[in-house]
Amino acid sequence: MQSGSSGRPKRLQPLVDRPLSKGKGEVTLSAFGFLFSEMVQKCQNKARTVQELESRLCNYGEHVGVRVLELLTHREKGLKRETRLIPLLSFLTGSVWKTLFGRPADALERHTQNEDEYMITDKDPITNKFVSVPSDMGAFSCAAFVAGIIQGMISGADFKGTVTAHPVSNDDGSSKTIYLIKFDAEVIAREKRFA
Amino acid sequence: MSVLTFIIVGKRDNPLYELVWQMRKDEPAHLNQFVIHAALDIVEDHVWSTQNMFLKTVDKYNDLYISAFSTASNVKLMLLHDSRSEDSIKGFLSDVYELYIKTLCNPFYDVGTVIHSTSFDARVKSLAKKYFGG
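Quick caveat: nothing in here was measured; it's all calculated off a predicted structure.

Undergrad: I'd love a proper account of the overall build of chain A, names of residues and values included.
TA: If you tally the helices and strands in chain A, you get 5 helices and 4 strands. Seen in sequence order, chain A has helices and strands lined up from the N terminus as α-α-α-β-β-α-β-β-α. Dimensions of chain A, computed from the C-alpha atoms along their principal axes, are close to 65 × 45 × 30 Å. For chain A, the residues scored as buried account for 39% of the 195 residues in total. Long-range contacts, defined as pairs at least 24 residues apart, comprise 56% of the intrachain contacts of chain A with a sequence gap of at least 6. Counting every atom, chain A has about 11,200 Å² of accessible surface; 53% of that belongs to carbon and sulfur. For chain A, the distance from the average site of its 27 positive side-chain charges to the average site of its 23 negative ones is 9 Å.

Right, dumping it as structure tokens:
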């Protein structure tokens, strides 16, 4: 490790030397809010339509999702991976959600008719905390970033699918977000083959 | 025992990292890499049949064995060797797996591209020396 001349801040350890363990596990909300708002603004500048904005945010989330999958699998499950759909989704809504957002997801449901669609419900996604969406943007939600994280995770584990975030208002006026996961046909076919 | 070649293969069957220790003199060049890539189909079958990441020995070529390790995102670490001692191979592959995760944590590293980092390379070589004695 290099030592700088006096007055220079201490260099961080090289990446290969840093431990993989949990560490502090917390980041200040304001730091995240600041970074995320810059991300949204950058996407907004580049995108021409609301769909493009959503897909750009989703793309950012995918980069996170792949890494989250590997890192959390290593921390929580050692040398075992998920090969089936339901355990993977349980891992996602349990451990991963707790690590990312501090609490497990509210609900995981399967669509009644379409067997390739699953829904994760989250009452208050952190991405929407400081964001107000103008009414002319329709049903856009910054939770597209979280949808991207989910999509990155499932694609990384070879369960390809598309994930979209839908804001829904409850009966009592409060709103929640539903992440709709639609798996590709070949994923469902493979699950049936192994069942 | 001697270990001949170690390759990290990405999701699109593209090599992300390669380390060759020794070539046998009478064989054509790159035969080691060819043999490892030929074993990829067999590794694919094994990947869906077990939840373990360490897949042990998956294939045999003449007197050489191929062992594989499949990570959570199905990136495959594959080793061509000629011994049957599984513990050192499992230890080596687990340690390289940890190194790979650390590489992933670098936000400037595009997932699925070749790993260029010299410190990664140096680490893998020192792990190989530690587990397989140079």
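Undergrad: An account of the overall build of chain B is requested, with residue identities and associated values reported.
TA: Counting secondary structure elements, chain B contains 4 helices and 5 strands. In chain B, the succession of α and β elements from N to C terminus is β-β-α-α-β-β-β-α-α. Since a compact globule built from 134 residues should have a radius of gyration of about 14 Å, the 14 Å found for chain B is in line with a globular shape. Taking the principal axes of the C-alpha coordinates as reference, chain B spans close to 40 × 35 × 30 Å. The burial tally for chain B puts 49% of its 134 residues in the buried class. Long-range pairs, those at least 24 residues apart, make up 53% of the contacts in chain B with a sequence separation of at least 6. Accessible area of chain B: about 6,300 Å², with a carbon and sulfur share of 51%. Distance between charge centroids for chain B: 6 Å, based on 14 positive and 16 negative side chains.

Undergrad: Please give an account of the packing of helix H2 (residues 50-77) of chain A against helix H3 (residues 86-104) of chain B that cites residues and values.
TA: Their axes nearest at 10 Å, the elements H2(A) and H3(B) cross at an angle of 140°. Comparing their axes, H3(B) and H2(A) come out oblique. Judged by the twist between their axes, the crossing of H2(A) over H3(B) is left-handed. Two secondary-structure elements touch here, H2(A) through Arg67(A), Glu70(A), Leu71(A) and His74(A) and H3(B) through Tyr97(B), Glu98(B), Tyr100(B), Ile101(B) and Leu104(B). Across the contact of H2(A) with H3(B), the residue classes break down as 5 nonpolar, 1 polar and 3 charged.

Undergrad: Requested: an account of the environment of Asp124(A), with residues and values cited.
TA: Residue and element names in this part refer to chain A. Among the structural elements, aspartate 124 can be located in the loop between strand E2 (117-122) and helix H4 (144-156). Separated by 39 residues in the primary sequence, aspartate 124 and valine 163 have C-alpha atoms spaced 18 Å apart. Excluding anything up to four places from it in sequence, aspartate 124 contacts Arg103 and Lys129.

Undergrad: Tell me what's going on with the side chain of Glu191(A), and back it up with residues and numbers.
TA: Residues and elements named next belong to chain A. Note that glutamate 191 resides in helix H5 (residues 185-194). Among buried Asp, Glu, Lys and Arg side chains, glutamate 191 stands out as unpaired, with arginine 84 the closest opposite charge at 4.8 Å. Looking at glutamate 191, its side chain comes within polar contact range of the main-chain nitrogen of leucine 85, at 3.3 Å.

Undergrad: I'd like a rundown of the interface of chain A and chain B, residues and numbers included.
TA: Contact residues are listed per partner, giving 26 residues for chain A and 31 residues for chain B. For the pair chain A and chain B, the summed buried area comes to about 2,600 Å², and 58% of that belongs to carbon and sulfur atoms. For the pair chain A and chain B, the interface holds 1 salt bridge. The residue Lys11(B) makes a salt bridge to Asp158(A) at a minimum N-O spacing of 3.1 Å. Our enumeration of links across chain A and chain B arrives at 18 residue pairs in polar contact (both at pLDDT 80 or more). At the level of secondary structure, the elements contributing two or more residues to the side of chain A that touches chain B comprise H2, H4 and H5 of chain A. With 7 residues, H2(A) is the largest single contributor of residues to the side of chain A that touches chain B. Looking at side-chain class alone, the side of chain A that touches chain B contains 10 nonpolar, 6 polar and 10 charged residues.

Undergrad: So, the packing of aromatic side chains: which residues are in play, and what are the values?
TA: What the rule picks out here adds up to 11 aromatic pairs over all chains. Their ring planes at 65° and their centres at 5.8 Å tell us that Trp97(A) and Tyr179(A) sit as a pair that is edge-to-face. Here Trp97(A) is found in helix H3 (residues 85-101), whereas its partner Tyr179(A) is found in strand E4 (residues 175-183), with 82 residues between them in sequence. Take Trp97(A) and Tyr179(A): they sit in the same class, and that class is buried. Centre to centre, the rings of Phe92(B) and Tyr131(B) are 6.5 Å apart; their planes meet at 70°, and the pair counts as edge-to-face. Note that Phe92(B) is positioned in helix H3 and Tyr131(B) in helix H4 (residues 118-132), a separation of 39 residues in sequence. Phe92(B) sits in the buried class, given a relative accessible area of 0%.

Undergrad: Outline the packing of H2(A) against H4(A), listing residues and values.
TA: All names here are of chain A. Taken N-terminus to C-terminus, the directions of H2 and H4 make an angle of 45°; their axes are 6 Å apart at the nearest point. Taken together, the axis directions place H2 and H4 in an arrangement best described as oblique. Helix-helix and strand crossings are classified by hand; for H2 and H4 the assignment is right-handed. Residue-level contacts link Glu54, Leu57, Cys58, Tyr60, Gly61, Glu62, Val64, Gly65, Val66, Val68 and Leu69 of H2 to Ala144, Phe145, Ala147, Gly148, Ile149, Gln151, Gly152, Met153 and Gly156 of H4.

Analysis parameters
Residues numbered from 1 in each chain as written. Chains lettered and ligands numbered in written order. Predicted model: local features only at pLDDT ≥ 70, side-chain atom pairs only at ≥ 80, totals over all residues. Heavy atoms only, no water. Helix = DSSP H or I, 4+ residues; strand = E, 2+ residues; numbered from the N terminus. Buried < 20%, exposed > 50% of the residue type's maximum accessible area, 1.4 Å probe, protein only. Contact = heavy atoms within 4.5 Å. Areas by Shrake-Rupley, 256 points an atom, 1.4 Å probe, with all protein chains shown as cover. Lys, Arg positive; Asp, Glu negative; His and termini not counted. Charge placed at Lys NZ, Arg CZ, Asp CG, Glu CD. Rg over C-alpha atoms; globule rule 2.2 N^0.38 Å. Axes fitted to C-alpha atoms, helices over the stretch in contact; angles between N-to-C directions. Parallel < 35°, antiparallel > 145°, perpendicular 65-115°, else oblique. Left-handed = near helix turned anticlockwise from the far one by under 90°. Nonpolar A, V, L, I, M, F, W, Y, C, P; charged D, E, K, R; others polar. Salt bridge = Lys/Arg side-chain N within 4 Å of Asp/Glu carboxyl O. Polar contact = N/O pair within 3.5 Å; in protein donor to acceptor, adjacent residues only side chain to side chain. Buried area = accessible area lost by both parts, 1.4 Å probe. Phe/Tyr/Trp six-rings, centres within 6.5 Å; stacked < 30°, edge-to-face > 60°.

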